[in-house]
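What follows is the residue order along each chain.
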Amino acid sequence: MRWILMLSAALALLVACTDDDSFTTSPSHLLSFSADSIALDTVFSTVPTATKSFWVYNKSGSGIRCSNIRLESGNQTGFRVNVDGSFLGAASGFQLNDLEIRNKDSVRVFVELTSPLNYQDAPTRIMDNLVFTLESGVQQKVNLNAYTWDAVMMKDVVVDEATTIGGDRPIIVYGGITVKEGATLNIEAGTTLYFHADAGVDVYGRLMVNGDVEHNVVLRGDRIDHMFDYLPYDNVSGQWKGIHFFEKSYENVINYADIHSASDAIVCDSSAVDRLKLSLYNSVVHNCKGVGVLSQNAVVDIQNCQVTNTLGDCVAIHGGVAQIMQCTIAQFYPFDANRGVALRFSNYFNDHHYPLYDFKCYNTIVTGYADDVIMGESNQDEPYTFLFNHCLLRTPQIEDAERIKEVIWEVPDDTIHGGVKNFANLDTDNLRYDFKLGEQSLAIGAADKSHFLEYDRNGVRRDEEPDMGCYEYVKP
């Protein structure tokens, strides 16, 4: 009896091994794929993409041999493929022969792309097929596709005279842009600058960003692919360095700009306080891994701007002179609960005493997640002059008739009007933010009727009951 059981077990094992090791040539036995199409988003021509992958499964019941796996267009499209550790490159004729995939087994395929120039201003679609030819003669294909975009490449740019940057094509900046003392860099309306991770703009001379309401200037990181399916790299903070205005840089203007996903977006070094350092108008500063706008003992004028979602402070004014007019300053940074405040103002910074000669805030919304998103810090030995007039403030109420006028104090437990409810849509799950006013915000109709900007950031004319913040409420 024992002998019969041992023989039966051996036969079963032999049959199992035979089944697993048998290979079919039947055309009805096919491979299956985790995806039948691999899209690599929009990519820049001549710049290597991130890698995507998919799985090839054999669920047919028998082993399958691939007599050939190849890129249908050879090396013409720029796709690069690695199949189960084997690279389909020039040495192999852009193909792989005699790959065995046993029953219930799988292999992983990796895909990258470095596309050639397409000599077009607009993105152009590029496609290829990865062809699996089975031993049965059946061919199965996985489509590879992307949109490629020719860009202007700039590296270690030094501006030492009046220079203008512009054009319809994207501009990728490696190493950064340095504007020398005495020189002026003009950036034309509609220009988009894509900064590599180590790149930013260092201004010793003068920067003029000349956007308009229909054609903003965009400054952002150069990753145009996705970190995850739901998360573009463009929505991730800290993708590039930002803009730094050094001591002797004055009369800079940033008008109608979209500056986002930087480390420290805008930093103004200490300067003479009898000269205007920066005019920041009609612009968005959003999603920074450091500060949004930092002014150290300088003169800055900020009007009709949205400054939102930063790991550091959204706006920090340390000494000097500053006016904030009709702005939306909101701290809903999603990546770290240890975020800074929405607005900080003081008469010192990093052990330096910087007299706060004149800080005025008009018709502005200052809000966020925390119960208190405003920090005023004073060293009593230095001037400390401030004014809030017709503002919505999320901070504990104080009585100061000379410096606090017609303020709406946002109560933290007001879940109907305050915090997130001020705005049209704050989707933290998908990291999509719309800071236009929601219909229940107390900022609607609450601005100073005698002292307001005629048009909002989007070019909407404010009515006779103007709203606080940089966006006038428009009914859907």
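How each quantity is defined
- Residues numbered from 1 in each chain as written.
- Predicted model: local features only at pLDDT ≥ 70, side-chain atom pairs only at ≥ 80, totals over all residues.
- Heavy atoms only, no water.
- Pairing = 2+ DSSP bridges.
- Helix = DSSP H or I, 4+ residues; strand = E, 2+ residues; numbered from the N terminus.
- Salt bridge = Lys/Arg side-chain N within 4 Å of Asp/Glu carboxyl O.
- Buried < 20%, exposed > 50% of the residue type's maximum accessible area, 1.4 Å probe, protein only.
- Patch = residues over 30% accessible without salt bridge, like charges linked within 9 Å, V, L, I, M, F, W, Y side chains within 5 Å.
- Areas by Shrake-Rupley, 256 points an atom, 1.4 Å probe, with all protein chains shown as cover.
- Contact = heavy atoms within 4.5 Å.
- Polar contact = N/O pair within 3.5 Å; in protein donor to acceptor, adjacent residues only side chain to side chain.
- Core = buried A, V, L, I, M, F, W, Y, C linked by side-chain atoms within 4.5 Å.
- Phe/Tyr/Trp six-rings, centres within 6.5 Å; stacked < 30°, edge-to-face > 60°.
- Lys NZ or Arg CZ within 6 Å of the ring centre and 35° of its normal.
- Axes fitted to C-alpha atoms, helices over the stretch in contact; angles between N-to-C directions.
- Lys, Arg positive; Asp, Glu negative; His and termini not counted.
- Disulfide = S-S within 2.5 Å.

**Some words on the sheet that holds strand 3 (residues 52-57)**
No. 1: Across the sheet, 5 strands lie side by side as 1-3-8-5-6; this open sheet has antiparallel pairing. Single-partner strands in this sheet number two, and they are strand 1 (32-33) and strand 6 (86-88).
No. 2: Pairing of strand 1 with strand 3 involves 2 bridges; the strand directions are antiparallel. Bridge pairing in strand 3 places serine 32 opposite tyrosine 57.

**Quick word on the pattern of salt bridges**
No. 1: Counting across every chain of the model gives 17 salt bridges.
No. 2: For the salt bridge of arginine 65 with glutamate 100, the shortest nitrogen-to-oxygen distance reads 3.0 Å. Here arginine 65 is found in strand 4 (residues 64-71), whereas its partner glutamate 100 is found in strand 7 (residues 95-101), with 35 residues between them in sequence.
No. 3: Under the relative-accessibility criterion, glutamate 100 is labelled partly exposed at 38%.
No. 4: Several salt bridges converge on common partners, so that one network encompasses Arg65, Glu100, Arg102 and Glu135.

**Some thoughts on a nonpolar patch on the surface**
No. 1: A grouping of Met227, Phe228 and Tyr230 is seen on the molecular surface, where their side chains present a nonpolar patch of about 300 Å² in accessible area.
No. 2: With respect to the helices and strands, methionine 227 occurs in strand 19 (residues 226-228).

**Thoughts on the environment of serine 136**
No. 1: When you line up the elements, serine 136 lands in the loop between strand 9 (124-134) and strand 10 (139-149).
No. 2: Under the relative-accessibility criterion, serine 136 is labelled partly exposed at 26%.
No. 3: On a C-alpha basis, the gap between serine 136 and leucine 31 in space is 12 Å, while along the polypeptide they are 105 residues apart.
No. 4: If sequence neighbours within four positions are ignored, serine 136 has contacts with Thr25, Ser26 and Pro27.
No. 5: At 3.4 Å, the side chain of serine 136 forms a polar contact with the backbone nitrogen of valine 138.

**Brief notes about the nonpolar core**
No. 1: In terms of nonpolar packing, the biggest core is built from 64 residues, with Ile266, Phe359 and Phe388 touching the most fellow members.
No. 2: Setting aside chain neighbours within four positions, we find phenylalanine 388 in contact with Leu343, Phe345, Phe359, Cys361, Leu393, Arg403, Ile404, Lys405 and Val407.
No. 3: Core analysis: the next-biggest nonpolar cluster, separate from the first, contains 28 residues, Ile38, Leu113, Leu134 and Val142 among them.

**Some thoughts on the pairing of strand 18 (residues 217-221)**
On any regular strand, side chains alternate: one points to one face of the sheet, the next to the other face.
No. 1: Judged by how many residues are buried, strand 18 sits mostly within the fold: 5 of 5 residues are covered.
No. 2: In this sheet, strand 18 lies alongside strand 15 (residues 192-195) in parallel orientation, the contact comprising 4 bridges. Residue pairing for strand 18: phenylalanine 195 is matched across the bridge by glycine 221.

**Examining the side chain of arginine 394**
No. 1: Examined against the element boundaries, arginine 394 turns out to sit in the loop between strand 38 (392-393) and strand 39 (404-405).
No. 2: Engagement of the side chain of arginine 394 in a polar contact is seen with the backbone oxygen of glycine 368, the distance being 3.1 Å.
No. 3: Within the structure, the side chain of arginine 394 is placed 3.3 Å from the backbone oxygen of proline 412, a separation counted as a polar contact.

**Thoughts on unusual backbone geometry**
No. 1: Phi is positive for serine 261, close to 60°, though the residue is something other than glycine.
No. 2: You can see serine 261 is positioned in the loop between strand 23 (257-260) and strand 24 (266-268).
No. 3: The exposure class of serine 261 is buried, given its relative accessible area of 1%.
No. 4: Phi at leucine 431 is positive, roughly 55°, even though this residue is not glycine.
No. 5: Look at leucine 431 and you get buried, because its relative accessible area is 11%.

**Quick notes on the packing of aromatic side chains**
Both the distance between ring centres and the angle between the ring planes are used here to describe each pair of aromatic rings.
No. 1: Under the counting rule described, the total for this entry stands at 21 aromatic pairs.
No. 2: An angle of 75° between the planes, with centres 5.0 Å apart, marks the rings of phenylalanine 44 and tyrosine 194 as edge-to-face. Taken together, the positions of phenylalanine 44 in strand 2 (residues 37-44) and tyrosine 194 in strand 15 put the pair 150 residues apart, joining distant regions of the chain. In terms of burial, phenylalanine 44 and tyrosine 194 fall into one category: buried.
No. 3: Each ring, one from phenylalanine 359 and one from phenylalanine 388, has its centre 5.9 Å from the other, and the planes form 85°; the classification is edge-to-face. Of this pair, phenylalanine 359 sits in strand 34 (residues 356-362) while phenylalanine 388 sits in strand 37 (residues 384-389), placing them 29 residues apart in sequence. One exposure class covers both phenylalanine 359 and phenylalanine 388, and it is buried.
No. 4: Between lysine 59 and the ring centre of tyrosine 57, over which it is positioned, the NZ or CZ distance is 4.9 Å.
No. 5: Taking NZ or CZ as reference, lysine 277 lies 5.3 Å from the ring centre of tyrosine 250, over its face.

**Some points on the sheet that holds strand 2**
No. 1: Within the open sheet, the 5 strands sit side by side as 2-10-9-4-7. Their pairing is mixed. The outermost strands of the open sheet, each flanked by one partner alone, are strand 2 and strand 7. Neighbour-to-neighbour, the strand axes of this sheet turn through a mean angle of 20°, independent of strand direction.
No. 2: In the sheet, strand 4 pairs with strand 9 via 5 bridges, with the strands oriented antiparallel. Bridge assignment links cysteine 66 to a residue of strand 9, and that residue is leucine 134.

**A short note on the side chain of aspartate 448**
No. 1: With respect to the helices and strands, the residue aspartate 448 is situated in the segment after strand 42 (432-437).
No. 2: Among buried Asp, Glu, Lys and Arg side chains, aspartate 448 stands out as unpaired, with lysine 449 the closest opposite charge at 7.4 Å.
No. 3: Excluding its chain neighbours within four sequence positions, the residues that come into contact with aspartate 448 are Asn363, Asn389, His390 and Pro466.

**As for the state of the cysteines**
No. 1: Taken as a whole, this structure holds 0 disulfides when the rule is applied.
No. 2: Free of any disulfide, cysteine 327 has its nearest neighbouring cysteine sulfur in cysteine 305, separated by 4.9 Å.
No. 3: Of all cysteine sulfurs in the structure, the one in cysteine 391 sits closest to cysteine 361, which takes part in no disulfide; the separation is 3.9 Å.

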